[in-house]
Structure formats: C-alpha cells, structure tokens
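# Reading the structure
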Amino acid sequence: MKYSMKVFRGIFALSSFVLTIPFTAAATLGDREVEAAAVRIDGLVEADLAAAGLKPNAVIDDGTFLRRAYMGIIGRIPTEEESRSFFDDTSEGKRVELVDTLVASPGFDSHFFNWAGDLLRLQTKQEQFGLGWHVWLRKSLAEDKPWDVMVREMLGSQGHAATDPAVGYYLRDRNMQLDNFSNTMQVFLGRQIGCAQCHDHPFDDWSQYDYYQMAAFGGGFTYKSEDAQNVIRRVANDVMPPPAKDSSGKKGKYGKNKGNQALQKTLNPVFKDFNKNALYDDPKKFLRLPDDYQYRDAAPKSEVAAETLFGEHLAAIPPAQRREAFAKWVSSPENPFFTKVIANRMWARVFGHGLQEPLDDWSEDITPAHPEVLAFLETTMKEANYDLRAFSRVLFRTELFQRECAPEEAETGTAPLVQGPALRRMTAEQLYDSMLVLARGEIDDAPSGQIDKEWAAYTHKVETLLNMESEKLIEVGESVAQAEKEFQKAQAEVRRLKVAISEAETAEARKQAELAFKNAQKKQFALNKLRNPLAEMDMQMGGGGGGNKNKGSSRASEFPAPFSPGSLVREFGGSDRSIPSSGDTIPTVPQALALLNDYQTDIIKGKGSALGSRLSTVADAEEKLEIVFLRLYACLPTADEKERYLPLTGDRDTFRDFIRAMLTSNRFIFVQ
C-alpha cells in the first residue's frame, strides 16, 4: 500500500506532545519535477563518465535493490512479508513506487533522525535541554521543516529550553562558545576554522582575530533564565511592594531591601536548574580577545566587533541583532557554501561518498568530482525550498541509485567519478534495527511517543512553576530549603555508615550497618528529589518523568542518544556525539564475537524469537531455507545455494550455527 507524505506526517503530529507552533511547509518538488531532476542527474553523471572513457555500473537485480532501498531509505532490512510483497509485484514501476512509499514513511524519519543527531552532536540526557532539543529535532525533520528554517531557528534561539527547545543547539556547548562557533562553521558551511581559535590559520587566510570576529556574533551569551528572574521580581512586588516615595519624592532603592535579599535566597533554589537550561543574549556584553593574544592588530582582552569571514559583510550590526543577523547569513541561499554543503552531505548519505571531499573542509583548491552535478544539486535544493525529504527522493529515484556498487573503495579525502554507490557496511543503528526485524519478524517504524511525553511533562511542570501564585511559590522555596538541610544530614549519615560497614568487627554488626546504610540511601534519594522542585511537583501531579521506558521493540531512534558504552550500537561504531558525524563502521574482533555469541543477535534461539517460531511451524527444508534467505538477504536462494545448504536444515543446532554464519557474512553486514 502506498501512503502519502501528508498522511504519515499527520499520524506523527497526532502522537507528538511537544508544545511548538505548527509548521506549514512551503511548496516543494512535485512528481514531475522529481523525475526530471533524477533524469538530469543521471545524464550529467553519465556524460562525465563518457568523457573520461568510463561507463556506469550495471543495474542491480530486484533483490539487491529491495534490500538497498530499505537500508538506505528507512535504515533497516525488509521483513519477510515486505520482501514477498515486492517480489509478487510484477508492475514495471514497482521500484519507483517502493522508493516513494519508503521516503514518505515514518521509517525515513527514524533513519534520518539518527543521521541528523550524529551530525549535530545531539545528547538527549544533557540536562533537560537535551531532551527538548531531541524532541524538537525529531519533530522538525518529520514535518519536513526546511533545512534553512531549522538552521535559522537553532542559530537564532534564546530563552529557556521549555519555550524554545532549539536553544539546545547552543546549550550543547554551554560555556564553550568558541568551540560551538567552530562546529557551526564546519557543520553548516563546511569550513574548518578551528585552527584559528588559538593562532592564525596555517592553510587559509583567516587570522585569530578573524576567528574572534566570527565568534563575536555570540558575544552576548549569558547562561541564565530571564523567565526565572522575572518571576522572582513579580513575587517580590506581590509580597513586598517597593517603598513609597519619601518627602523628597524619591523611591527607596529596591535592590538594597533586606527583605528582598531574603526572598531571593528563598526562591533562587527553586529555579536552580533554570539557568542550566536557558540562554540569554545580553546586548551589553561583548566577546574579548584572550589574555595571551600575541598579534599586533589588537590588544589582549580588547572587545571584538562581530564580522563574517566571507560572503556578505555584516559589520556595524547592532548588538541586539547580532545573532539574528548571523543566523540569516549562515542559512541564506546567497551564502556561498550553505546550500552546496547540505546538498553534498545528502549526496554522500545516499551514495556513500561526497562529490566534494572532505565533506567538512571545502577548500577552494579542490575540484568536485562532477562540478555540473554539484551545481545542479545546489539549484535543486533551492527549488525544493530546502525540503530534505523531497531532495532525498530525487536522489533515490535516480538510476544511479540502482547501479552496482563501485568495485573499489575511494581514497580518503578524494572524490572519484561516480559509477555506482559506494559499498558500505551497515551503520550501528541500521544493524540494531535490522536485528530487531529479525528478532520480532515485524517492526513498527512510527515513534513510540515516550520521549515526547517526558518532554511534555517537563514543560508542563516548568509552566506550572512560572505561573504559581506568589505565596505558594514561597512555600515551595521554604520546602526546598528544608529538604536541602535534611539531604545534607542524610548524606553525612550515608558516609558514616559506609565507614561503619568497613570497620564492623562481627558479622552481626556488619549486617546491621548494611541495613542502616540501605535505609539511609533510600532517605537520601527521596530527599534529593525534594531538593528539586520540578521533581517534587512531579510527585504531586503523579505524572511523567523517569528514565527511558522503551521496550525491546523500539527502534534505535527511540532511545536517548548516545547509546551507552558497551551497548550493541556503540560496539558497532555508534557515535558518542562528541564531534560531528563521529559514527564509524570500522570492523573489530568484538563485533564478530557479538554476532556469534551476543544474546541480542541470537535470532533463532533467543527468547521470543520470531524467526525461531516461524521455522518451528515449517516442515519443508526448502521452505525453511527460503524463509531464512528472505529475512537476512531479502532474496530467495539460488539453485546452487539450495543444493549446498539444504542438508544443514535437518539438524536444529547445525541450522542455528549456519544462520549465525550468515549474520557474520559480508552479504549481510554490507549494503550491496
């Protein structure tokens, strides 16, 4: 069945709990424009190949295409039912229809979110802003918010994460403004300027002063919540109005009021986490050069005015408009790098290699592999209004996507002529989700909504706190203060009992000390929640919160990022989200051992194995082999393969070992 993009986006919107203004997508590419663009790309690529005396690779068979389409578009292998449905379809346009269906599906959103989160270094558990940014990014991508709009919203964001979740982009690098701007230039404009942070750039014309001018667009960064401060002022006015004018007509100075100072002391702990999740742009604040600045063009510690490194100059921008101007400059269609960088990233995502390499270092000395193709991609991206789903659809509809993989791996940092997609190993997330398909038999690609619910619960609690009546808020502050005192006592008791356990002279004394230690820990934990007014309100409302409650059927995109070290995803190169696009597919011995021995990869004997259950109902050896081939390789076994492997199906343990061997094969691990 073929679903429209509007249907899938509508389903997602109904399940979303994030409180943001709905986005209305601009007109993008229709079917005719998509097809024409795909044909044009094929023509340009083949013309370049012919000029070099080369030919495009042969077109792949249906089975290879089916698996490649599922892996490349929605990030997992097809189920047995999906494979059979495709093979049973005898229509000429079934490949095009499959591409369109998958691109419009929630599976595309899941796979694309993993890619975008890795690029932007999203860390879900990094304070509450990480959770909000996660929800905002996932929703923005799913509703086809244009890339330029997303970038402007992130780069122009400020305030508390509960009201502007896009501020997570800056809070990700809290108190590391220079690093953040370096990453911004790399991710969105493909320029490596990091070297100039400490000294003049050794390979480009950028000086250290130029770097600071670029970073000066964020010169007003102040990590505090104006909302919280406004509430404290409001409460102060409610319970302690400013002194009346004296005989001279002058008001008493509010800031020196001792009662106000006491009130501040009471209420500040209530909002202690607000400053961790908020960014305020102070127009009176400016970036300064470092203390050890050594060049003659400016003095150490001197203020730096914001200015761009290339393209349109933005000198003399009023401080209050610095970041708005910066966000528009970065994401402008007129920016010499913005459009071509994202177009090249999308090409590399589909075909495994950029037309310009490296993706993050657009040196003017490097010529793209296919200059006319890159120029056409830039034009197409603009015509698509930066709709990355529509742009992806163009690439997946090309004949190039249906060609055999390139026979040799390109040298690092080079961009060869493209005869076919690069041969690639599954990403860690693709492997995880494919194992899920094998274990479950079927999979729901739609989001579970759990993370959205947690974020909605948090934003509701923040709103409740900000709008609480003054007297009630003071009571909360006093309660928090009392909980803090009790927590300190409980913490000291836990430390004392820990020592008592180690010094216990008898088994009975040790047993008593351990029991007391556990009770003290429980008390400490309870008091720790009371120290946080949001946690206290959570208990009062009886809602939300908590850790990730996803069950084993959830796709990788449904879990907080990054995955923990030691998990299957991290074992296979899943990103730690420390630098842009840091996921890798480097093979290791532990990976082979995991495929052979890990319980998560035991797809035939593991608890609740759909494959094991399916095979147990089938008596015919040939049908068993077909089921396994369809599920792992998305194709039916050849006559030679049947002759060779049918004898292995007779013994359960032998067949299980054979399936394990199939899992470790290049045919499974790689996207052919």
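Attention here is on the structure that accompanies the text. (Residues numbered from 1 in each chain as written. Predicted model: local features only at pLDDT ≥ 70, side-chain atom pairs only at ≥ 80, totals over all residues. Heavy atoms only, no water.)

Core analysis: the biggest nonpolar cluster contains 127 residues, and Trp147, Phe188, Phe271 and Trp347 have the highest contact counts within it. The element that contributes the greatest number of residues to this core is helix 15 (residues 338–351), accounting for 8 residues. What Trp147 contacts, discounting residues up to four positions off in sequence, is Leu119, Phe188, Phe338, Ile342, Tyr386 and Leu388. Ranked by size, the runner-up nonpolar core spans 40 residues in total, among them Val569, Ile627, Met662 and Val671. (Core = buried A, V, L, I, M, F, W, Y, C linked by side-chain atoms within 4.5 Å. Buried < 20%, exposed > 50% of the residue type's maximum accessible area, 1.4 Å probe, protein only. Helix = DSSP H or I, 4+ residues; strand = E, 2+ residues; numbered from the N terminus. Contact = heavy atoms within 4.5 Å.)

In total, this model carries 8 cavities of 30 Å³ or more according to the counting rule given. Approximately 100 Å³ is the volume attributed to the largest cavity. When the residues that make up the lining of the largest cavity are grouped by side-chain class, the tally is 8 nonpolar, 4 polar and 2 charged. Residue assignment for the lining of the second largest cavity shows that the elements contributing at least two residues are helix 7 (127–142) and helix 19 (450–466). Considering every element that reaches the lining of the second largest cavity, the biggest residue donor is helix 7, with 3 residues. Taken together, the residues of the lining of the second largest cavity sort by class into 3 nonpolar, 3 polar and 3 charged. (1 Å grid on protein atoms, 1.4 Å probe; cavity = no way out; pocket = protein on both sides within 12 Å on 5 of 7 lines; lining within 4 Å. Points joined across faces, edges and corners; volume = space filled by probe spheres on them. Nonpolar A, V, L, I, M, F, W, Y, C, P; charged D, E, K, R; others polar.)

Attention now goes to helix 12 (residues 226–239). With 14 residues, helix 12 should reach 20 Å at 1.5 Å per residue; the first-to-last C-alpha distance of 20 Å fits that figure. Taken together, the buried positions of helix 12 are occupied by Ala228, Val231, Ile232, Val235 and Ala236. Summarising the axial view, the buried residues of helix 12 lie within an arc of 135°, below the 170-degree limit, and thus occupy one face. (Expected span 1.5 Å × (residues − 1). Arc of directions from axis to C-beta.)

A word on unusual backbone geometry. With omega at -5°, the peptide bond leading from Glu357 into Pro358 counts as cis. Structurally, Pro358 is set in the loop between helix 15 and helix 16 (371–383). Cis rather than trans, the peptide bond between Ala561 and Pro562 has omega equal to -5°. Looking at the secondary structure, you find Pro562 in the loop between helix 22 (533–541) and helix 23 (568–571). Positive phi, close to 55°, is recorded for Asn385, a residue that is not glycine. Taking relative accessible area as the criterion, Asn385 reaches 30% and is therefore assigned partly exposed.

This next bit is on the sheet that holds strand 2 (residues 221–222). Ordered by their spatial adjacency, 3 strands build an open sheet running 1-3-2, and the pairing between neighbours is antiparallel. The sheet is open, and its two borders are formed by strand 1 (159–160) and strand 2, each paired with just one other strand. Note that strand 1 and strand 3 (residues 278–281) share 2 bridges and pair antiparallel. What sits directly across from Gly159, in strand 3, is Leu279. (Pairing = 2+ DSSP bridges.)

On the surface, Lys265, Lys485, Lys489 and Lys523 cluster together to form a positively charged patch. Among the structural elements, Lys485 can be located in helix 20 (residues 470–503). Look at Lys485 and you get exposed, because its relative accessible area is 55%. (Patch = residues over 30% accessible without salt bridge, like charges linked within 9 Å, V, L, I, M, F, W, Y side chains within 5 Å. Areas by Shrake-Rupley, 256 points an atom, 1.4 Å probe, with all protein chains shown as cover. Salt bridge = Lys/Arg side-chain N within 4 Å of Asp/Glu carboxyl O. Lys, Arg positive; Asp, Glu negative; His and termini not counted. Charge placed at Lys NZ, Arg CZ, Asp CG, Glu CD.)

This part takes up the pairing of strand 3. The two faces of the sheet receive side chains in turn, since in a regular strand these alternate between them. Bridge count for strand 2 against strand 3 is 2 bridges, and the pairing is antiparallel. Across the sheet, the residue bridging to Phe221 is Asp281, located in strand 3.

With that out of the way, let us pick up the pattern of salt bridges. Pairing is possible between side chains of opposite charge, provided their charged atoms come close. According to the stated counting rule, one finds 38 salt bridges in the structure shown. Linking Arg531 and Glu484 is a salt bridge whose minimum nitrogen-to-oxygen distance equals 2.7 Å. Highlighted residues: Arg531 in helix 21 (residues 507–531) and Glu484 in helix 20, separated in sequence by 47 residues. The closest approach of N and O atoms between Asp602 and Arg660, which form a salt bridge, is 3.9 Å. Within this pair, whereas Asp602 is found in the loop between helix 24 (589–597) and helix 25 (610–616), its partner Arg660 is found in helix 28 (residues 652–664), the two being separated by 58 residues in sequence. Residue Arg660 is classed as buried on the basis of its relative accessible area of 7%. Ionic contacts of the salt-bridge type, sharing partners, join the residues Asp31, Glu35, Asp100, Arg393 and Arg397 into one network.

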